[in-house]
Amino acid sequence: MLFSSVIGQEDIKSQLTDMVQHNRLSHALLFLAREGSGGLPLALAFAQYVVCEKVQGKSDQSAISLFGDEPVLESGTTFMDSCGVCAACTKAAAQVHPDIHFSYPVIPRKAGDKPISTNYITEWREFLKVNPYGNSFDWLQSINAENKQGNITAEECNDIL
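So, here is what we can say about the structure in this document. (Residues numbered from 1 in each chain as written. Predicted model: local features only at pLDDT ≥ 70, side-chain atom pairs only at ≥ 80, totals over all residues. Heavy atoms only, no water.)

In this structure the tally under the stated criterion is three salt bridges. Note that Glu-123 and Arg-109 form a salt bridge whose closest N and O atoms lie 3.3 Å from each other. One end of the pair, Glu-123, is in helix 4 (residues 121-130); the other, Arg-109, is in the loop between helix 3 (87-93) and helix 4, with 14 residues separating them in the sequence. (Salt bridge = Lys/Arg side-chain N within 4 Å of Asp/Glu carboxyl O. Helix = DSSP H or I, 4+ residues; strand = E, 2+ residues; numbered from the N terminus.)

In structure tokens form, the structure reads like this:
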């Protein structure tokens, strides 16, 4: 997702891009937002921005046009959004980038099951396509949780480690 696709929040977008451009990115960030205000899309756009090859200055020479259409960037050029076309952006937009990991509440599929987020990755990707501004209730309804409470389990934490 691109920052330009996220509705509003211009000040936060600017602060996030400044952190990356000034090499002041913390080891962890917590995105906390009211329902429907775009916390999840903002986090997705930021993750894509961080891995974007053009933002990171890793221009793929094979991707440059034979006719010189690609502008040559001077050193110090800053991007306010990810490019959306490099390999990293394409993978991030499809939620398959190897450096972007998701953790979200899940439910056991059967009694005694100890689920982790990766067990639901296909459903998660579909949910993000359909409802990027969704909340945890919407997510749990999409996986037919009914009256079950979604959890991030100890097994999930171990999987993250």
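Take the side chain of His-97 next. Relative to the assigned elements, His-97 resides in the loop between helix 3 and helix 4. Exposure remark for His-97: the relative accessible area of 10% places this residue in the buried category. Reaching out from His-97, the side chain makes a polar contact with the backbone nitrogen of Asp-99 at a distance of 3.0 Å. With residues up to four places along the chain from it excluded, the contact list for His-97 reads Val-51, Ala-88, Lys-91 and Ala-92. (Buried < 20%, exposed > 50% of the residue type's maximum accessible area, 1.4 Å probe, protein only. Polar contact = N/O pair within 3.5 Å; in protein donor to acceptor, adjacent residues only side chain to side chain. Contact = heavy atoms within 4.5 Å.)

Counting residues in each nonpolar core, the largest one holds 29 residues, and the members touching the most others are Phe-3, Phe-102, Tyr-104, Tyr-120, Trp-124 and Trp-139. Secondary-structure elements contributing two or more residues to this core are helix 1 (10-21), helix 2 (39-51), helix 3, helix 4 and helix 5 (136-142). The dominant element in this core, judged by the number of residues it contributes, is helix 2, at six residues. Leave out the neighbours within four places in its chain, and Tyr-120 touches Tyr-104, Val-106, Ile-107, Pro-108, Arg-109, Pro-115, Trp-139 and Ile-143. (Core = buried A, V, L, I, M, F, W, Y, C linked by side-chain atoms within 4.5 Å.)

For helix 4, the full list of buried residues reads Trp-124, Phe-127 and Leu-128. Projection of helix 4 onto a plane perpendicular to its axis shows the buried side chains occupying an angular sector of 95 degrees, all on one side. Along helix 4, the residues that are exposed and aim more than 90 degrees away from the buried face are Thr-122, Lys-129 and Val-130. Along its buried surface, helix 4 packs onto helix 2 and helix 5. (Arc of directions from axis to C-beta.)

Applying the stated rule across the entire model yields nine aromatic pairs. Ring plane angle 55 degrees and centroid distance 5.9 Å describe the contact between Phe-102 and Trp-124, whose orientation is recorded as tilted. One end of the pair, Phe-102, is in the loop between helix 3 and helix 4; the other, Trp-124, is in helix 4, with 22 residues separating them in the sequence. Exposure class is identical for Phe-102 and Trp-124. Each is buried. Members of the aromatic cluster, connected to one another through ring pairs, are Phe-102, Tyr-104, Tyr-120, Trp-124, Phe-127 and Trp-139. Sitting above the plane of the Tyr-120 ring, Arg-109 keeps its charged end 4.0 Å from the centroid. (Phe/Tyr/Trp six-rings, centres within 6.5 Å; stacked < 30°, edge-to-face > 60°. Lys NZ or Arg CZ within 6 Å of the ring centre and 35° of its normal.)

All right, on to empty space enclosed by the protein then. Inspection of the entire model under this criterion finds one cavity of 30 Å³ or more. Estimated volume of the largest cavity: approximately 40 Å³. The wall of the largest cavity is formed by Met-1, Leu-44, Ala-47, Gln-48, Ala-92, Ala-93, Ile-100 and Phe-102. Ranked by the residues each element gives to the lining of the largest cavity, the list is headed by helix 2, at three residues. (1 Å grid on protein atoms, 1.4 Å probe; cavity = no way out; pocket = protein on both sides within 12 Å on 5 of 7 lines; lining within 4 Å. Points joined across faces, edges and corners; volume = space filled by probe spheres on them.)

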